[in-house]
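Residue strings, one per chain:
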Amino acid sequence: MENILRSSRFYYGIIIFLTVKIFFKHFHEKAIIVYGLETLSVSYYFTIVSYFAIYLSLLISALLFYRKIPAYLLITWVSIVLISIINELRGFLEEPNIYSLKESFFTARTDFTEPRQGLINVRVTFAILFISIWHCIKDQKWTKKTLVLIENLVVINSILILFAIIFEIEIFKSYPLSSRWGFSGILARGYCVTLTSIFLISSLNKKEVPLPKVLIFILTLLVSGTKAGLLSLLLIFIIVIVKNKKTKILLLLLSVIGLAVFAYKLDSFIQFSSPFFQNVYQQHGAYGLIFSLRNQDFITLLDIIKNSYSVVDWLIGGKLTHEQLWVEMAAVDIFVYYGLVGGSLIVMFFSKIIPTISKSIPILVACLSGGIISGPYAMIVYGIWLSYREK
């Protein structure tokens, strides 16, 4: 058993399982919307059991590797686990008649589209622990195999998007059966943007740039129908493609100025957009349209902080749960869930494992659009990619 848990093949097998699971899960969720399929309760319980088994194996692995795991990785995981447990206890003590441990860790629906705070904590700590063990193994051969496998699947997803654009295939849209436009293939739109961005950056950093692959990845981000996709593409252009530092700074400034002008003159552009965006603009204004209503949730959070946040809430979060308020901006959500202490540790965690500025783009985009943190698979793939020394 010990030899298995020390083997790179074991974790490669976990990645294959998680990859198959996430692609099936996202396709199934879209099929439910488009074709009215019933939710598979078997899939729900299978996910619970399989993730429990994997997490348990990771805990055993951590005990085997704890001398090799860098202290900052282990401290981050232990601290977030402790903060999560403390906040669960606080929830019980504050409202013992309302609080339910079962409801905190399981979702209202069996398709995992409405995660509770307990489940969010499991997702975050699961990904942190997996990344910590993977970085401890330091097996470049299996890291490369893992990334090649996932990249090929992302390429296939991008090809499906190309067909979806031509033939208007509903199930491959970012917002199936919605008036919003965009395509994400089999994957959910957040995962599509994150994984495509990772492999676009990887392709651009190679000595011999694979142009067809780069072009199809750029197309995928352009047609994702998300602001995160456009932001990621903009940052990739400025940080990865443009080489001159002064030009980078100039383009960043021009981008900020351009966004400000766009927001100020939005009423002149909105008439050329879809009815969906026109409706959002009329009801919620320019900032509501630009930030997809996240600004309203952020204002709500500021009011709560001003009126009812305690010192403990500032330090370890827990005043609000995911189901009560989800700003969908990773930097803000981490502060809400884990406070300044947990947030600082997660910032340290990423700052230690991110080797270059170009590889920080996915997490920078997530800070403004969510993703990665609450999606364990995306965070794990990101962590594996960060550990790979590209040649």
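These remarks concern the structure in this document. Only a predicted model underlies this, so the values are computations on that prediction, with no experimental measurement involved.

## Things to note about the overall build of the protein
Next up, step 1: Within the protein, the regular secondary structure consists of 18 helices and zero strands.
Next up, step 2: Computed over C-alpha atoms, the radius of gyration of the protein comes to 21 Å, within 12% of the 21 Å expected from 2.2 N^0.38 for 391 residues, which places it in the range of a compact globule.
Next up, step 3: Principal axes of the C-alpha set define a box for the protein whose edges measure 60 × 55 × 50 Å.
Next up, step 4: Here the protein holds 391 residues, and the buried ones make up 48% of them.

## Overview of unusual backbone geometry
Excluding glycine, a negative phi dihedral is what most residues carry, and trans is how most peptide bonds are arranged.
Next up, step 1: With a phi angle near 50°, E168 is a residue other than glycine that sits in the positive phi range.
Next up, step 2: The phi dihedral of E328 is positive, around 65°, even though this residue is not glycine.
Next up, step 3: With respect to the helices and strands, the residue E328 is situated in the loop between α15 (311–316) and α16 (330–353).

## A few points about the nonpolar core
Nonpolar side chains in soluble globular proteins tend to end up buried together.
Next up, step 1: Among the nonpolar cores identified, the biggest contains 97 residues, and Y11, F130, Y338, F350 and Y382 are the most heavily contacted of them.
Next up, step 2: For this core, the element with the highest residue contribution is helix α6 (residues 117–137), accounting for twelve residues.
Next up, step 3: Not counting residues within four places of it along the chain, the set of residues in contact with Y382 comprises I198, F350, I354, K359, S360, P362, I363 and I372.

## Re the packing of aromatic side chains
Aromatic ring pairs are reported here in terms of the distance separating the ring centres and the angle at which the planes meet.
Next up, step 1: Counted according to the given criterion, the structure contains 16 aromatic pairs.
Next up, step 2: On the basis of an interplanar angle of 20° and a centroid distance of 5.9 Å, the ring pair of F130 and W134 is categorised as stacked. On the criterion of helical spacing, the pair formed by F130 and W134 is a turn pair, its members being four residues apart in helix α6.
Next up, step 3: Using a relative accessible area of 1% as the deciding quantity, one classes F130 as buried.
Next up, step 4: The interplanar angle of 40° and the centroid separation of 6.2 Å between the aromatic rings of F350 and Y382 together place this pair among those described as tilted. Separated by 32 residues along the polypeptide, F350 in helix α16 and Y382 in helix α18 (residues 376–387) bring together distant segments of the chain.
Next up, step 5: For Y382, a relative accessible area of 0% gives the class buried.
Next up, step 6: Every member of this aromatic cluster is reached through a ring pair, and the members are F10, Y11, F130 and W134.
Next up, step 7: The aromatic ring of W142 is capped on one face by K145, whose charged end is 4.3 Å from the ring centroid.
Next up, step 8: Just above the ring of Y72 sits the side chain of K352; from NZ or CZ to the centre is 5.7 Å.

## Digging into the pattern of salt bridges
Next up, step 1: Summed over all chains, the structure comprises six salt bridges.
Next up, step 2: R90 is paired through a salt bridge with D313; the nearest N and O atoms lie 2.5 Å apart. You can see R90 sitting in helix α4 (residues 71–94) and its partner D313 sitting in helix α15, a full 223 residues away along the chain. Comparing R90 with D313, the two get one shared label, buried.
Next up, step 3: Among the salt bridges present, the one from E328 reaches R294, with a minimum N-O distance of 3.5 Å. Residue E328 is located in the loop between α15 and α16, and its partner R294 is located in helix α14 (residues 294–308); the two are separated by 34 residues in the primary sequence.

## Here's the deal with the environment of E88
Next up, step 1: Its location among the elements puts E88 in helix α4.
Next up, step 2: For the pair E88 and S100, spaced twelve residues apart in sequence, the C-alpha to C-alpha distance is 9.6 Å.
Next up, step 3: Those residues in contact with E88 that sit more than four places away from it in its chain are Y99, L101, S104, F105, G118 and N121.

## Topic: helix α9 (residues 211–222)
Next up, step 1: Taking 1.5 Å of rise per residue, twelve residues should cover 16 Å, and α9 covers 16 Å from first to last C-alpha, within 8% of that figure.
Next up, step 2: Residues V214, I216, F217, T220 and L221 constitute the buried set of α9.
Next up, step 3: Check the buried side of α9 and you find it contacts α7 (140–167), α8 (189–204) and α10 (227–241).

Thresholds, definitions, all that
- Residues numbered from 1 in each chain as written.
- Predicted model: local features only at pLDDT ≥ 70, side-chain atom pairs only at ≥ 80, totals over all residues.
- Heavy atoms only, no water.
- Helix = DSSP H or I, 4+ residues; strand = E, 2+ residues; numbered from the N terminus.
- Rg over C-alpha atoms; globule rule 2.2 N^0.38 Å.
- Buried < 20%, exposed > 50% of the residue type's maximum accessible area, 1.4 Å probe, protein only.
- Core = buried A, V, L, I, M, F, W, Y, C linked by side-chain atoms within 4.5 Å.
- Contact = heavy atoms within 4.5 Å.
- Phe/Tyr/Trp six-rings, centres within 6.5 Å; stacked < 30°, edge-to-face > 60°.
- Lys NZ or Arg CZ within 6 Å of the ring centre and 35° of its normal.
- Salt bridge = Lys/Arg side-chain N within 4 Å of Asp/Glu carboxyl O.
- Expected span 1.5 Å × (residues − 1).

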